[in-house]
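Coordinates in review
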Amino acid sequence: MSDAQPTHVVPLEAGAGPDNPPCPACGEPLFGWLSARPGLRGPVSRCESCGLGVVGESADPEEALHELDRLGGADGPRISNRASFACSLGSAGWAGLEPGSRYLFTVESVRRLVARRDQVVKAHRWEPAAGLVATWQTMLNSVTLGHNVALAAFGRAEAVPAQEGWQRRIDALASVVLAIPALLVALPIELAGGLFGRGAVYSLRLELL
Ligand SMILES: [Zn+2]
């Protein structure tokens, strides 16, 4: 009888190390996702188990919970969903990546995170209008040099404008000219997202266990 261990089964925890700190929500290792770029406080990593994104080097459950609570309405937080179709397609152009962003939530990551303080996600509701707007901006981000330029013009987001004046003028023009085409692309993406639980924005209701 051999006591050799099978080598093809590598638990996710085995990836944990200085380069892959544990996810503050579920404890699995974080892996690199996006490199640092203007407007962000550092490179972005993500958890492949619960989907949480972390901007910057370190991650801490208490800080993540605090950040989550700042997204709160009367009943619970409203999150930009890092597990949305919009995020998958937009990647670095995803509108949920805003200046000052620190933790990028998913419904599952919130579920895991709030369990640490004996809470459960009692309900989560797709926000179609807000989701469509976010997906629309994500599509526009794929063609502009700046980030979230259109939403910032309406005071709905904080932009990372392009560096040069002429670039900013092109971005403004592109946002107007491509507004309708971007909407026509965003609409089926966000509808499919809502249908498959991968919408861009969700309201969550939290309750104590
Ligand atoms: Zn996780």
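In short, a report on the structure. Counting starts from 1 at the beginning of each chain's written sequence and moves along it residue by residue. Local features in this predicted model are restricted to residues of pLDDT 70 or higher, and side-chain atom pairs are both shown and tallied only at a pLDDT of 80 or more, whereas totals for entire chains, interfaces and linings draw on every residue. With hydrogens and water stripped out, all remaining heavy atoms of the structure feed into the side-chain values.

Let's talk about the sheet that holds strand β2 (residues 44–47)
The sheet built from 4 strands is open, its strands ordered β1-β2-β3-β5 with antiparallel pairing. What marks the edges here is a single partner per strand, and that holds for β1 (30–34) and β5 (103–104). Strand pairing is assigned whenever DSSP detects at least two bridges linking the two strands. Starting at the N terminus, helices and strands are each numbered in turn, a helix being any DSSP run of H or I of at least four residues and a strand any DSSP run of E of at least two. As defined by bridge partners, β1 adjoins β2 across 4 bridges and the pair is classed as antiparallel. Across the sheet, L34 pairs through a bridge with V44, a residue of β2.

Overview of the sheet that holds strand β6 (residues 119–126)
Pairing is antiparallel in the open sheet, where 3 strands are placed in the order β4-β7-β6. Strands with a single pairing partner mark the edges of an open sheet, and in this sheet they are β4 (78–80) and β6. Between one strand axis and the next, the sheet turns by 35° as a mean value, whatever way the strands run. Of the pairings in the sheet, the one linking β6 to strand β7 (residues 201–208) comprises 7 bridges and is antiparallel in character. Following the sheet pairing, Q119 is matched in β7 by L208. Only heavy atoms enter the contact rule, under which two residues are in contact if any of them lie within 4.5 Å. Each axis is a line fitted through C-alpha atoms, and for a helix only the stretch in contact is used; angles between axes span 0 to 180 degrees, taken between their N-to-C directions. Along the sheet, helix α3 (residues 107–114) makes contact with β4, β6 and β7, crossing β6 at roughly 160°.

A look at the nonpolar core
C23, L52, I79, F105, V110 and L204 are the most contacted members of the largest nonpolar core, which totals 22 residues. For this core, the secondary-structure elements that each account for two or more residues are α1 (61–70), α3 and β7. Residues belong to a common nonpolar core when they are buried Ala, Val, Leu, Ile, Met, Phe, Trp, Tyr or Cys residues joined through side-chain atoms within 4.5 Å. A simple rule labels every residue: compare its accessible area, found with a 1.4 Å probe on the protein chains alone, to the largest value its type can have, and call it buried under 20%, exposed over 50%, or partly exposed in between. Ranked by size, the runner-up nonpolar core spans 11 residues in total, among them W136, L151, A182 and A186.

Quick look at the pattern of salt bridges
Only one rule defines a salt bridge in this text: a Lys or Arg side-chain nitrogen within 4 Å of an Asp or Glu carboxyl oxygen. In this structure the tally under the stated criterion is 7 salt bridges. Across the salt bridge formed by R102 and E63, the nearest N and O atoms sit 3.1 Å from each other. Residue R102 is located in the loop between α2 (85–90) and β5, and its partner E63 is located in helix α1; the two are separated by 39 residues in the primary sequence. Assessed through its relative accessible area of 6%, R102 is described here as buried. Among the salt bridges present, the one from E127 reaches R125, with a minimum N-O distance of 2.9 Å. We classify E127 as buried; its relative accessible area is 14%. The structure contains a network of salt bridges with shared partners spanning E108, R111 and R112.

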